[in-house]
Every structure is written in C-alpha cells, then in structure tokens.
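As a plain string of letters, each chain reads:
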Amino acid sequence: MNKAVPTHSPLVQCGMAMPAVMTMVARLALAFAIAGIAMTPAPAQLRSEQDAVLDNRVQGRAMSLRMIERRVVQQMRGADYLGNPIYFERSNTYRMTFMRDGEVIRVEVDASSGRIRDRSDR
C-alpha cells in the first residue's frame, strides 16, 4: 500500500553497486592466494627424476641416458623407439617404450650397465 516505504535499509539501498566491487576484491584475493601457492617451493623430500639421475651419474652408479638409448635401440632392431624413458631411482633402472608391428614393448634397462633386465614381449 505505502509505496514510499523502502523495502531495504538505507545502507543496503546505497550499496547496490557493492556486489561488483566485492566480486572484484574476491577475485583478486583468490588470484593472490593461487600465486602464493604456485610460488611455494616443493618439499625437499620430493626430488625430481633429473636430480636422482644426476646424483647417480656423479657417483658412477648410472650411465648417461644417451649411451643407454644407443645400446638398447641397437638391440631392439625392427622396433621403433617411442622416447620418454622413465627413471626409477629405487631400482636404478629406466623403462623404455618401443613399438613393433602395433605391439607396445616395454623394456627395463639397468642404468648402471645399460643392459636389458626385462622385456614385455618375452
């Protein structure tokens, strides 16, 4: 009946543009939080694969990956090397992946000697 009576308090009525500002502030706060998390260094316990390989190479427990690849690719005649070897520090081995006639072949190689330990096609 009385249309002159506001439905909201004066504070709410003058602050109608406030949600856009609050949204922008919230987005900025979120962006800063994400940036802070991204810049936080990883724990010292989580060593990278490269660090582990380098340590083993320096200590004479692993050959260079290029030498290992050269040896193994030569032994895997007729198979295409797919690249992206995976290094396993615990066993000091590489897992290399090949393909022959549509079949994926996984080869486990001793990183210290470059010898094939196991193959999935045998």
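These remarks concern the structure in this document.

## So, a nonpolar patch on the surface
Taken together, Met24, Leu28 and Phe32 make up a surface patch of nonpolar side chains, about 350 Å² in accessible area. Relative to the elements of secondary structure, Met24 occurs in helix α2 (residues 18-39).

## A short note on the pairing of strand β3 (residues 93-100)
Bridge count between strand β1 (residues 80-81) and β3: two bridges; the pairing is antiparallel. Counted as the bridge partner of Tyr81 is Phe98 from β3. One ladder, built from three bridges, connects strand β2 (residues 86-88) with β3; its direction is antiparallel. Bridge pairing in β3 links Ile86 to Arg95. What sits between β2 and β3 in their antiparallel hairpin is a turn of four residues, with Asn92 showing a positive phi close to 55°. Sheet topology note: the β3/strand β4 (residues 103-110) ladder contains eight bridges and is antiparallel. Counterpart to Met96 in the pairing with β4 is Val107. Hairpin connection of β3 to β4: two residues between the antiparallel strands, including Asp101 at a positive phi of 50°.

Rules used in this analysis
- Residues numbered from 1 in each chain as written.
- Predicted model: local features only at pLDDT ≥ 70, side-chain atom pairs only at ≥ 80, totals over all residues.
- Heavy atoms only, no water.
- Patch = residues over 30% accessible without salt bridge, like charges linked within 9 Å, V, L, I, M, F, W, Y side chains within 5 Å.
- Areas by Shrake-Rupley, 256 points an atom, 1.4 Å probe, with all protein chains shown as cover.
- Salt bridge = Lys/Arg side-chain N within 4 Å of Asp/Glu carboxyl O.
- Helix = DSSP H or I, 4+ residues; strand = E, 2+ residues; numbered from the N terminus.
- Pairing = 2+ DSSP bridges.

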